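Overview (structure and organization)
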Amino acid sequence: MGGISSVTNEETLRIAEIFGPTIQGEGALIGVPTVFVRTGGCDYRCSWCDSLHAVDSAYRDTWTPMTPEAVMARIEALSGGQPLMVSLSGGNPAIQPLGGLIRMGQGKGYRFALETQGSVARRWFRDLDMLVLSPKPPSSGMVVDWDIFAQCVAAANGAPSVLKIVVFDEVDYQWAREVAGRYPDLPVYLQPGNHTPPPPDDDDAVVDQEGVDARMLWLVDRVIGDRWFGAKVLPQLHVMLWGNKRGV
Ligand code: SF4
């Protein structure tokens, strides 16, 4: 992201990486051509996080402070000025002041999806073209604050919203069923966990594809066996194609 001026006002966004266009690899927008804006910093520390470079403060020096205008200019340069879907991810993008960027981009015809664990509610969630709420299951080691999560659902205020839940094991699966039961109006996407977070100094960690495939088959069996016909079970397409490699 060289050549982009640094800024330090209250609208400053901490950006870990901007890349694409590529396809969205998971969830409700799987297969959709997308530019990704990954923000730096997260209020969680999931045991299996696959985005440590956008979470751990050890990487803070690699995060670039940028204005919304500079981020938008980068998105437009990558897309050749042709509007497309922009995915805001992290880290937890909800801890960043992204409302201005979203409004600016939508004024130019771009659409914005944001994925967050649901630990910080923002008024600007209502402006999103899609809010992906991805509460972290027990295997993450995190504990969800359900009051704040409910505030996130409410903040969407009619903006299309979905649940995306990563499942590693039976405990996570039962938890996912319970969460889906709390929010019967939200479409549910289940995804088998990818157990191989990249070590700090390795961008191209090897994926345990056999393990992921086995969990995917098991998850399909569980969902069908339970006649949970409202759920959608999807793999991480980008992991199948490129492993845990960054920036694709
Ligand atoms: Fe990583 Fe997401 Fe967990 Fe943050 S919430 S630590 S980005 S998996």
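Figured I'd write up the structure that's included with this text. (Residues numbered from 1 in each chain as written. Predicted model: local features only at pLDDT ≥ 70, side-chain atom pairs only at ≥ 80, totals over all residues. Heavy atoms only, no water.)

1. Brief notes about the packing of aromatic side chains
- Under the defined criterion, the tally for this structure stands at eight aromatic pairs.
- Centre to centre, the rings of Phe-19 and Phe-36 are 5.2 Å apart; their planes meet at 10 degrees, and the pair counts as stacked. In this pair, Phe-19 is assigned in strand β1 (residues 13-23) and Phe-36 in strand β2 (residues 33-39), connecting sequence segments 17 residues apart.
- Owing to a relative accessible area of 9%, Phe-19 belongs among the buried residues under this scheme.
- Phe-36 gets classed as buried once you look at its relative accessible area, which sits at 9%.
- Through pairs of rings, three or more aromatic residues link up here, namely Trp-146, Phe-149, Trp-175 and Tyr-183.
- Residue placement shows Arg-177 over the ring face of Trp-228; its charged tip is 4.9 Å from the ring centre.
- Its end group placed over the ring of Trp-146, Arg-182 keeps NZ or CZ at 4.3 Å from the ring centre. (Phe/Tyr/Trp six-rings, centres within 6.5 Å; stacked < 30°, edge-to-face > 60°. Helix = DSSP H or I, 4+ residues; strand = E, 2+ residues; numbered from the N terminus. Buried < 20%, exposed > 50% of the residue type's maximum accessible area, 1.4 Å probe, protein only. Lys NZ or Arg CZ within 6 Å of the ring centre and 35° of its normal.)

2. Digging into helix α5 (residues 209-225)
- An ideal rise of 1.5 Å per residue puts 24 Å on 17 residues; α5 measures up with 24 Å between its terminal C-alpha atoms.
- Summarising the contacts, the buried residues of α5 are in contact with β7 (161-167), α4 (170-182), β8 (188-192) and β9 (231-233).
- Arg-227 sits one or two positions beyond α5 and adopts a positive phi of about 50 degrees. (Expected span 1.5 Å × (residues − 1). Contact = heavy atoms within 4.5 Å.)

3. Some details on empty space enclosed by the protein
- Using the criterion set out here, one finds four cavities of 30 Å³ or more in the structure.
- Lining the second largest cavity, in full, are Gln-24, Glu-26, Gly-27, Ala-28, Leu-29, Ser-87, Ala-113, Leu-114, Glu-115, Val-132, Val-162 and Lys-164.
- Every element with two or more residues in the lining of the second largest cavity is listed here: β5 (111-116) and β7.
- The element that contributes the greatest number of residues to the lining of the second largest cavity is β5, accounting for three residues. (1 Å grid on protein atoms, 1.4 Å probe; cavity = no way out; pocket = protein on both sides within 12 Å on 5 of 7 lines; lining within 4 Å. Points joined across faces, edges and corners; volume = space filled by probe spheres on them.)

4. What about the packing of α4 against α5?
- Where α4 contacts α5, the two axes come as close as 12 Å, and the packing angle between them is 40 degrees. Taken together, α4 and α5 sit at an angle that is classed as oblique. Classified by chirality, the crossing of α5 by α4 is right-handed. For the pair formed by α4 and α5, the contact residues are Glu-170, Tyr-173 and Gln-174 on the first element and Trp-218, Leu-219, Arg-222 and Val-223 on the second.
- A per-class count over the contact of α4 with α5 returns four nonpolar, one polar and two charged. (Axes fitted to C-alpha atoms, helices over the stretch in contact; angles between N-to-C directions. Parallel < 35°, antiparallel > 145°, perpendicular 65-115°, else oblique. Left-handed = near helix turned anticlockwise from the far one by under 90°. Nonpolar A, V, L, I, M, F, W, Y, C, P; charged D, E, K, R; others polar.)

5. Describing the environment of Thr-62
- In this structure, Thr-62 sits in the loop between β2 and β3 (64-66).
- Here the alpha-carbon distance between Thr-62 and Gly-40, two residues 22 residues apart in the chain, equals 8.9 Å.
- Among the polar contacts listed, one links the side chain of Thr-62 to the backbone oxygen of Tyr-59, at a separation of 2.6 Å. (Polar contact = N/O pair within 3.5 Å; in protein donor to acceptor, adjacent residues only side chain to side chain.)

6. Some thoughts on the pattern of salt bridges
- Tallying each qualifying case throughout the model produces nine salt bridges.
- Measuring nitrogen to oxygen at the nearest pair gives 2.9 Å for the salt bridge that ties Glu-17 to Arg-38. In this pair, Glu-17 is assigned in strand β1 and Arg-38 in strand β2, connecting sequence segments 21 residues apart. Judged on exposure class, the residue Glu-17 and its partner Arg-38 are both buried. (Salt bridge = Lys/Arg side-chain N within 4 Å of Asp/Glu carboxyl O.)

7. Focus on the environment of Asp-61
- Take Asp-61: it is sitting in the loop between β2 and β3.
- Look at Asp-61 and you get exposed, because its relative accessible area is 77%.
- Linking Asp-61 and Ala-16, residues 45 residues apart in sequence, is a C-alpha distance of 9.5 Å.

8. Regarding the pairing of β5
- Relative to β5, strand β4 (residues 85-89) runs parallel, the two sharing four bridges. Paired with Ser-87 across the strands is Ala-113, a residue of β5.
- Where the polypeptide runs from β4 across helix α2 (residues 99-107) and back to β5, its parallel neighbour, the crossover connection is right-handed. (Pairing = 2+ DSSP bridges. Right-handed = clockwise from strand over helix to strand, strands pointing away.)

9. Structural notes on the side chain of Arg-38
- Given the relative accessible area of 16%, Arg-38 is considered buried.
- If we skip the residues at most four places from it in the chain, Arg-38 touches Ile-15, Ala-16, Glu-17, Ser-51, His-53, Ala-54, Ser-89 and Gly-90.

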